Amino acid sequence: MFDRNELNQLYRYALSLCKQEDMAYDILQSALERYLSKADNKVAKPLAFLKTIIRNIYFDQERHNKVISMVTYDDQDEINLIEDNSDLDELLINQQQVKLIVNKLSTEENELLYLWAVEEYTAEEIAKIYDKPRGTVLSKLHRLKKRIKDYFVEAEVVEGI
Amino acid sequence: MKNTINPFKKAVQLFYENKSLSDSQQNQLQSLQEQARTDVNALVGTESANEIESGICHKIRNKWLIPVSIAASMSAIFVLVSLLSVPHLVSHAYTDVLKDASDYTLGELGATNRIQLDMVKAVPEKYSIEMHKYCFLDKEKTMHLRVAGVEQGKLHLFFKKGKGETNWLTRTGNYKDMHWKILQLKDDLTLLVMYTQDMRESSVNHIVNEVVSVVG
């Protein structure tokens, strides 16, 4: 049985993928039904397993609707990220700006942002979820942070934030 | 959660923390889980009952299956061995053959053994009767007749009163250095034919046919 906090956590993860609250709930419900339909659901990490189901359902739906632009990150994209200059430490943003960013980012970027910022997974943990090398995830994170920073730089210029 | 959270992360976390399921959504998902748990319990309960029932039957089956199987197998082996093994009559007769190998007695045939007397007389003249005498096979008085082949070999005829052993599946075969046949001439008369391997088969058949022809 998943408690209220866990259900909220799963809902937020679904939301990070689809950005729409109703859709996030539908996906969560479908995932939960799929999980519960297996009588023998003795999974070692139920939360992680359910997140995988949520992810699969979302991408299946999007693939079916053919509206998603699948961004592939090849291993060739790996760069040396030991010195990642696109740190967001100093970036001060309000909730409205977060909403704007979330809406602007792609699905994969949003998911990555959620896992990194909210779940606070390390690059290695995210790499396990994606089944990708750690370097690829670091590369994705680097690009994500850069994109967010660029967005703010641009916004500052345009809107004087 | 890590201790040092940068403001950006904090802002994103706060953004998502504000996104929560409504009470009705929470209730729906909880009831979904409750329903599933009830179904699973019912299913597990039914399966357990079936497993217990089938387990008991299985145990009962196992309890009897092994001993019955062993008993059946042993019985089958025993029956098969007894059917396929050489009859005791043959082995006893062989012992008598060896014992009387140097015996050339031509004993008196009593008037009460008329048929046997006639059978002895029925042996074609070209074959010489070397011996005839009474012996006991399986505690039954039996006449033992030894006939020599024209050129080679020995033929032994045992006229035994009564029926042969009814469980004899094999009525012919080899025992040590001799061939043997058992013929049920009458309900109360059995003929055991034993002959050495150098005895001609045609001679054996000739003698036996002549002897048996006496029996009406």
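Rules of the game
Residues numbered from 1 in each chain as written. Chains lettered and ligands numbered in written order. Predicted model: local features only at pLDDT ≥ 70, side-chain atom pairs only at ≥ 80, totals over all residues. Heavy atoms only, no water. Salt bridge = Lys/Arg side-chain N within 4 Å of Asp/Glu carboxyl O. Helix = DSSP H or I, 4+ residues; strand = E, 2+ residues; numbered from the N terminus. Buried < 20%, exposed > 50% of the residue type's maximum accessible area, 1.4 Å probe, protein only. Patch = residues over 30% accessible without salt bridge, like charges linked within 9 Å, V, L, I, M, F, W, Y side chains within 5 Å. Areas by Shrake-Rupley, 256 points an atom, 1.4 Å probe, with all protein chains shown as cover. Polar contact = N/O pair within 3.5 Å; in protein donor to acceptor, adjacent residues only side chain to side chain. Contact = heavy atoms within 4.5 Å. Axes fitted to C-alpha atoms, helices over the stretch in contact; angles between N-to-C directions. Parallel < 35°, antiparallel > 145°, perpendicular 65-115°, else oblique. Left-handed = near helix turned anticlockwise from the far one by under 90°. Buried area = accessible area lost by both parts, 1.4 Å probe. Nonpolar A, V, L, I, M, F, W, Y, C, P; charged D, E, K, R; others polar.

(A) Broad picture of the pattern of salt bridges. All names here are of chain B. All told, the structure shown has 15 salt bridges over all chains when counted by the stated rule. Of the charged contacts, one joins K133 and D103 as a salt bridge, the two residues approaching to 3.8 Å between their closest N and O atoms. One end of the pair, K133, is in strand β1 (residues 128-137); the other, D103, is in the loop between α3 (88-99) and α4 (114-121), with 30 residues separating them in the sequence. On the accessibility criterion, K133 (18% relative accessible area) is buried. Among the salt bridges present, the one from E130 reaches K154, with a minimum N-O distance of 2.5 Å. Separated by 24 residues along the polypeptide, E130 in strand β1 and K154 in strand β3 (residues 154-161) bring together distant segments of the chain. Using a relative accessible area of 13% as the deciding quantity, one classes E130 as buried. Residues joined by salt bridges that share partners form a network here, namely D96, K99, D100, D103 and K133.

(B) Representation of a nonpolar patch on the surface in the model. Residues L65, I66, I70 and M74 of chain B make up a contiguous nonpolar surface patch of about 420 Å² in total accessible area. Classification of I66 of chain B as exposed rests on a relative accessible area of 52%.

(C) A look at the side chain of K133 of chain B. Engagement of the side chain of K133 of chain B in a polar contact is seen with the side chain of D100 of chain B, the distance being 3.0 Å. In contact with K133 of chain B, not counting residues within four places along its chain, are K99, D100, D103, T142, M143 and H144 of chain B.

(D) Geometry of unusual backbone geometry. Residue and element names in this part refer to chain A. In the Ramachandran plot, K19 falls in the positive-phi region, its phi being about 70° despite a non-glycine side chain. When you line up the elements, K19 lands in the loop between α1 (4-18) and α2 (21-37). Here E120, not a glycine, exhibits a phi torsion of approximately 55°, which is positive. Looking at where E120 falls in the secondary structure, it is placed in the loop between α5 (107-118) and α6 (123-130).

(E) Region of interest: the packing of α2 of chain A against helix α3 (residues 46-65) of chain A. Residue and element names in this part refer to chain A. The N-to-C vectors of α2 and α3 enclose an angle of 120°; their axes lie 9 Å apart at closest approach. Here α2 is positioned oblique relative to α3, judged by the angle of their axes. In this structure, the crossing between α2 and α3 has a hand that is right-handed. For the pair α2 and α3, the contacting residues are M23, I27, L28, S30, A31, L32, R34 and Y35 in the first and P46, F49, L50, I53, I54, I57, Y58, Q61 and E62 in the second.

(F) Quick peek at the interface of chain A and chain B. Contacts between the two partners involve 37 residues from chain A, matched on the other side by 32 residues from chain B. Between chain A and chain B, a total of about 3300 Å² is buried, with carbon and sulfur atoms accounting for 64% of that surface. Three residues, M1, Y25 and E120 of chain A, lead the burial of chain A against chain B; their summed loss comes to 21% of the area buried on that side. Along the contact surface separating chain A from chain B lie 15 residue pairs in polar contact (both at pLDDT 80 or more). Taken together, the residues of the side of chain A that touches chain B break down into 23 nonpolar, 6 polar and 8 charged.

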